[in-house]
Amino acid sequence: MSGYDIIDTTFIDTSPDVVWKELVAELNGGASWWVPKNTFEPGDVPPEEVGGETTVTVHPKGMDKGGPKLRFTARTREVEPGRRLAADYVSGAFIGTCEFVLEPAAGGRRTRLSMHFQAEPQGIARLLGKVADIGVEHTTATRAAFARLNQLVGGADEVTTEAGRAVRRTVRTGDGARLAVDVYGPPPGAGAGTVVLVHGWAAGREVWTGVAGRLAGLGHTVVAYDQRGHGESTLGSEPVGIERLGADLADVLAAVDAKDAVVAGHSGGGFAAMAYAIGHAEDAATRLRGLALLATAAHDQETPDSEVKLMGNPVFSWALRRAALGRKMLAKTMGPGVAADALEANRRLFAATPGQVRADYFRSSRGMDLREGLRAVPVPAVVLAGTADTVIDPDLGEAVADALPNASYERLADLGHMLPLEAPERVAEAIAGLA
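Cut-offs applied
Residues numbered from 1 in each chain as written. Predicted model: local features only at pLDDT ≥ 70, side-chain atom pairs only at ≥ 80, totals over all residues. Heavy atoms only, no water. Helix = DSSP H or I, 4+ residues; strand = E, 2+ residues; numbered from the N terminus. Buried < 20%, exposed > 50% of the residue type's maximum accessible area, 1.4 Å probe, protein only. Contact = heavy atoms within 4.5 Å. Pairing = 2+ DSSP bridges. Axes fitted to C-alpha atoms, helices over the stretch in contact; angles between N-to-C directions. Salt bridge = Lys/Arg side-chain N within 4 Å of Asp/Glu carboxyl O. Parallel < 35°, antiparallel > 145°, perpendicular 65-115°, else oblique. Left-handed = near helix turned anticlockwise from the far one by under 90°. Nonpolar A, V, L, I, M, F, W, Y, C, P; charged D, E, K, R; others polar.

Draft legend 1. Quick look at the environment of Leu 70. Residue position: Leu 70 is located in strand β4 (residues 70-80). When its relative accessible area of 4% is taken as the criterion, Leu 70 is described as buried. Taking the C-alpha atoms as reference points, Leu 70 and Ala 147, separated by 77 residues in sequence, lie 23 Å from one another. Those residues in contact with Leu 70, other than ones at most four positions away along the chain, are Val 56, Thr 57, Val 58, Ala 93, Phe 94, Ile 124, Ala 125 and Leu 128.

What follows is the structure in structure tokens.
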């Protein structure tokens, strides 16, 4: 047989929407899960659009391992976003067709992904077919790529953190950022309710350790992630902005298939939570049960140039990395009498955030005013502020509660800005009350 007619099928442990994003990203040159055997170079029209052309290179021995390279051009013929992409192989090593089909499984929590490859080898591919079974090699490479895709987005890795056992996964955002996500407790929908934790600027998911452990112990599914550019998460192609961070939260909620979740946002994480509730109202109608907003604001976050420059200053970063000096520099962000380990955790997270990321985030809230949009957010909410908060004025938290139609507000005596570190018990109690 001179041609090939091969169907490879697998199940990916996440929703079709997530798998579609990964497939489109890979065909656009993402080089994340089909390497080392296949790489893709998109043309002027992207492959997810009809007429888009993509140069496909097959590396039989692997990238940068020498040997022949099989190149051919795929032209997209039909697209059903989120479900199907069909292309014609119009020139090069293969002439034929290829079709990807994504079907929901397990109530949409999994995806049946199949690839149908029909092609006649040309030139060097025809010669190689005389000494190697290209069909078998195609299937082997495709199945390995699908396995890497499942490892990337399907939540296959289990880790032990200070908050307990977690499933660790990666969520790709709409602009290509990769967000590191930990999921504690039972799967979404199987426990006492889902809680999603969004940290603030120059922190990370570790800031929620005490809160996440308590909530998981109560039977909640707890999702904590590093915002883009923080911790193990990468930056995407779009600049840091409040709307973009709200969209990131939407991507995380979709990836874990959260329903009726309580979203807790601390400081800038609160900005992201509010931006999601306002800008993704239709999605929030099914995914959002309540909001816990901690040491945050909806307006009046006009970070001056001097502070933005400080955040990115290499000398400032150097000082933060000196434990005693760094703790002293950040002491005013926390209340009086704060525990030494909480102060050190704050310093370590702040120091670990790249200076440019800190600067970009602190700049991003300029001009933000979410108050009018909050008036249309119907879910129950609790807003907490520390009386000793010197970073965000507690009065601004009260303004958040005033703008929301169904919110309570409480000032916590002698606590500063870092409420998840300073008072994890009280924060967990407030969140659990909404879940």
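Draft legend 2. Looking closely at the pairing of strand β9 (residues 164-172). Pairing of strand β8 (residues 157-161) with β9, which is carried by five bridges, proceeds in the antiparallel orientation. Within the sheet, the bridge partner assigned to Asp 157 lies in β9 and is Arg 168. Sheet analysis places β9 next to strand β10 (residues 178-184), joined by seven bridges and oriented antiparallel. Paired with Arg 168 across the two strands is Asp 182, which belongs to β10. What sits between the antiparallel neighbours β9 and β10 is a turn of five residues, in which Gly 176 has the positive phi angle 95°.

Draft legend 3. Representation of the sheet that holds strand β6 (residues 94-105). Judged by pairing direction, the sheet is antiparallel, and its seven strands sit side by side in the order β1-β7-β6-β5-β4-β3-β2 without closing on themselves. Pairing within the sheet leaves two strands with one partner each, and these edge strands are β1 (4-12) and β2 (38-42). Sheet twist, expressed as the average angle between the axes of neighbouring strands with direction ignored, equals 25°. Relative to strand β3 (residues 53-58), β2 is paired through five bridges, and the arrangement is antiparallel. If you follow Asn 38 over to β3, its bridge partner there is Val 58. In the packing of helix α1 (residues 16-27) onto the sheet, contacts are made with β1, β2, β3, β4, β5 (84-92), β6 and β7 (110-121), and the angle to β6 comes to roughly 155°. Contacting β1, β6 and β7, helix α3 (residues 134-153) crosses the sheet at an angle of about 20° to β1.

Draft legend 4. Highlighting unusual backbone geometry. At the junction of Val 35 and Pro 36, the peptide bond is cis and its omega measures out at 10° in the coordinates. Relative to the elements of secondary structure, Pro 36 occurs in the loop between α1 and β2. Positioned with a positive phi, Asp 257 is a non-glycine residue whose angle comes to about 55°. Within the secondary structure layout, Asp 257 lies in the loop between α5 (242-255) and β13 (261-266). In the Ramachandran plot, Asp 260 falls in the positive-phi region, its phi being about 50° despite a non-glycine side chain. Of note, Asp 260 is situated in the loop between α5 and β13.

Draft legend 5. Seen up close, the pattern of salt bridges. Per the stated rule, a full pass over the model turns up 39 salt bridges. Between Arg 178 and Glu 22 there is a salt bridge, with its nearest N and O atoms 3.6 Å apart. On the criterion of sequence distance, the pair formed by Arg 178 in strand β10 and Glu 22 in helix α1 is long-range, its members being 156 residues apart. Put simply, Arg 287 and Asp 283 hold a salt bridge, and the shortest N to O gap is 3.1 Å. Note that Arg 287 and Asp 283 are positioned in helix α7 (residues 281-287) at a spacing of four residues, about one turn of the helix.

Draft legend 6. How the structure looks around the packing of helix α4 (residues 209-217) against helix α16 (residues 424-432). Here α4 crosses α16 at 50°, and the two axes come no closer than 8 Å. With respect to their mutual orientation, α4 and α16 come out oblique. Once α4 is placed against α16, the crossing between them reads as right-handed. For the pair α4 and α16, contact is made by Gly 210, Val 211, Arg 214 and Leu 215 and by Pro 424, Glu 425, Val 427, Ala 428, Ile 431 and Ala 432, respectively. Classifying every residue of the contact of α4 with α16 gives seven nonpolar, one polar and two charged.

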